[in-house]
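Residues per chain are reported as follows:
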Amino acid sequence: MSLIFNMAVNVIIRSMRKDQELALPSFLLPGMCYGVMDNNYCLQENVLGKYTVVFDSNNICRGFEFASEPGEIALRLSLPSGWRDIHFFYNFIKKICHRLQTMVFERDGEEMTLARLDECIRLDIKTSERVLLQMLADVCSGKYLNLNICGVKNPISLDEHSLRLIGGDTRKFDNYLHKLQSQDLYYAKANVYKKKDGELFGVYVLTADVASVLPYDANLCISGQDWQLNNWYVGLVFDGRLAGSVPYQALLAEINKQEWVYDAQHFIICLSKRQMQKLLLRARVEI
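As a starting point, this report considers the structure included with it. Numbering of residues begins from 1 in every chain and follows the order in which that chain's sequence is written. Local features in this predicted model are restricted to residues whose pLDDT is 70 or higher, and side-chain atom pairs enter the listing and the counts only when it is 80 or higher, whereas totals over whole chains, interfaces and linings include all residues. Computation of side-chain values covers all heavy atoms of the structure but excludes hydrogens and water.

### Points about the packing of helix 1 (residues 83-99) against helix 2 (residues 117-140)
The description of two packed helices rests on the angle between their axes and on the distance between the axes.
Reasoning step 1: Their axes nearest at 10 Å, the elements helix 1 and helix 2 cross at an angle of 150°. Taken as axis vectors, helix 1 and helix 2 run roughly antiparallel relative to one another. You can see that helix 1 and helix 2 cross each other, and the crossing is right-handed. Of helix 2, the residues touching helix 1 (which contributes Trp83, Ile86, His87, Tyr90, Ile93 and Lys94) are Leu117, Cys120, Ile121, Asp124, Ile125 and Ser128. Lines fitted to C-alpha atoms define the axes here, with helix axes fitted over just the stretch in contact, and angles between the N-to-C directions of these axes take values from 0 to 180 degrees. Comment: elements are numbered from the N terminus, with helices defined as DSSP H or I runs of at least four residues and strands as E runs of at least two. The cut-offs work like this: below 35 degrees is roughly parallel, past 145 is roughly antiparallel, 65 to 115 is roughly perpendicular, and the gaps in between are oblique. Crossing handedness: left-handed means the near helix sits turned counterclockwise from the far one by under a right angle, and right-handed means the same turn made clockwise. Any two residues whose heavy atoms approach within 4.5 Å at even a single point are treated as in contact.

### Considering the packing of aromatic side chains
Reasoning step 1: Pairing of aromatic rings covers Phe, Tyr and Trp, the last through its six-membered ring, and needs centres within 6.5 Å; plane angles under 30 degrees mean stacked, over 60 mean edge-to-face, and all others mean tilted. In the structure shown here, the tally under the stated rule is 11 aromatic pairs.
Reasoning step 2: Consider the rings of Phe64 and Phe92, whose centres lie 5.2 Å apart with planes at 35°: the pair is tilted. Of this pair, Phe64 sits in strand 6 (residues 59-69) while Phe92 sits in helix 1; the two residues are 28 residues apart in sequence, bridging distant segments of the chain.
Reasoning step 3: The cut-offs for exposure are 20% and 50% of the maximum accessible area for each residue type, with area from a 1.4 Å probe on protein chains only; residues under the lower value are buried, those over the upper are exposed, and the others partly exposed. Given the relative accessible area of 2%, Phe64 is considered buried.

### Some remarks on unusual backbone geometry
Reasoning step 1: Residue Leu79 is joined to Pro80 through a cis peptide bond whose omega torsion reads 5°.
Reasoning step 2: The phi torsion at Gln101 lies on the positive side, around 55°, for a residue other than glycine.
Reasoning step 3: Note that Gln101 resides in the loop between helix 1 and strand 8 (104-107).
Reasoning step 4: Among the residues examined, Gln101 registers a relative accessible area of 72% and is labelled exposed.
Reasoning step 5: With phi around 65°, Asp209 is a residue other than glycine that occupies positive phi space.

### Describing the sheet that holds strand 12 (residues 186-187)
Reasoning step 1: Taken in spatial order, the 4 strands make up an open sheet running 12-15-19-18, and their pairing is mixed. Of all strands in the sheet, those with a lone pairing partner are strand 12 and strand 18 (260-263), marking the two edges.
Reasoning step 2: For two strands to be treated as a pair, DSSP must find no fewer than two bridges joining them. Pairing of strand 18 with strand 19 (residues 266-269), which is carried by 3 bridges, proceeds in the antiparallel orientation. Considered in strand 19, the bridge of Asp263 is made with His266.

### With respect to the pairing of strand 14 (residues 200-207)
Regular strands have side chains that alternate between both faces of the sheet.
Reasoning step 1: Pairing geometry for strand 13 (residues 191-194) and strand 14, over 4 bridges, is antiparallel. Bridge assignment links Val192 to a residue of strand 14, and that residue is Gly202.
Reasoning step 2: Pairing analysis gives 6 bridges linking strand 14 to strand 16 (residues 232-238), with the strands arranged parallel. In the sheet register, Tyr204 faces strand 16, and the bridge partner there is Val234.

### Description of the environment of Pro215
Reasoning step 1: Relative to the helices and strands, Pro215 is located in strand 15 (residues 212-215).
Reasoning step 2: Owing to a relative accessible area of 3%, Pro215 belongs among the buried residues under this scheme.
Reasoning step 3: A C-alpha to C-alpha distance of 9.7 Å links Pro215 and Tyr187, two positions 28 residues apart in sequence.
Reasoning step 4: In this view, Pro215 contacts Tyr204, Tyr248, Leu252, Gln265, His266 and Phe267; residues no more than four positions away in its chain are not counted.

Next comes the structure, spelled out in structure tokens:
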């Protein structure tokens, strides 16, 4: 059993002018990146939305959410978060307050001043450390097999091994998530289709010579949906076209030779055109 962790600090900053437009692009600082999460909790970079994820290009950890309406900016920092992410978040608050010529902001319903920024940083680091250690204790006790969090670019699954490496240290948490998400990888997302008889089935797509992240256990991680799928396939793409499909289990048989671990629930695989052709000869199915 796994659990998705979802704690957060919520900050509101208000302008003296209630009709002032406060769009994100006017507040972006050098090195800041942004995007929105799709239904698979994967980042669509350089896209603005109602809730936009903002992060440091040099520290791809969890980032924070930005939303605005005339006269007001709302920010959300997920916890646990990394040491650099937390500092990045409060530095951004400081910059916005200076731009809006205000010294106050609201944090979880409590009015705060810029003079208390260091206190806020210490609180969030302490909370993150406590939560990371609690996550480790819960996994070690067998309460959960692993724990899932939303990274900036994609979901991350943490098991006992990874949580021990982090050891409740927010700097190590930064480094761990950055190392995973800064790799040049395609994080494969499930697509759902319907057969003529109405049965739903899932498909992942794998492209030749593209290092891709896939789950050990095919699953559906789509926001707002609760589908139970029994049949899963992988579409194999080479020469610019879909060459055919194989059952997901047939692909899993290949990972003994090709596998690199991504996280607790995912592996990295990269098949050549020739390897895909051999796999299709052995296991091709029509779907």
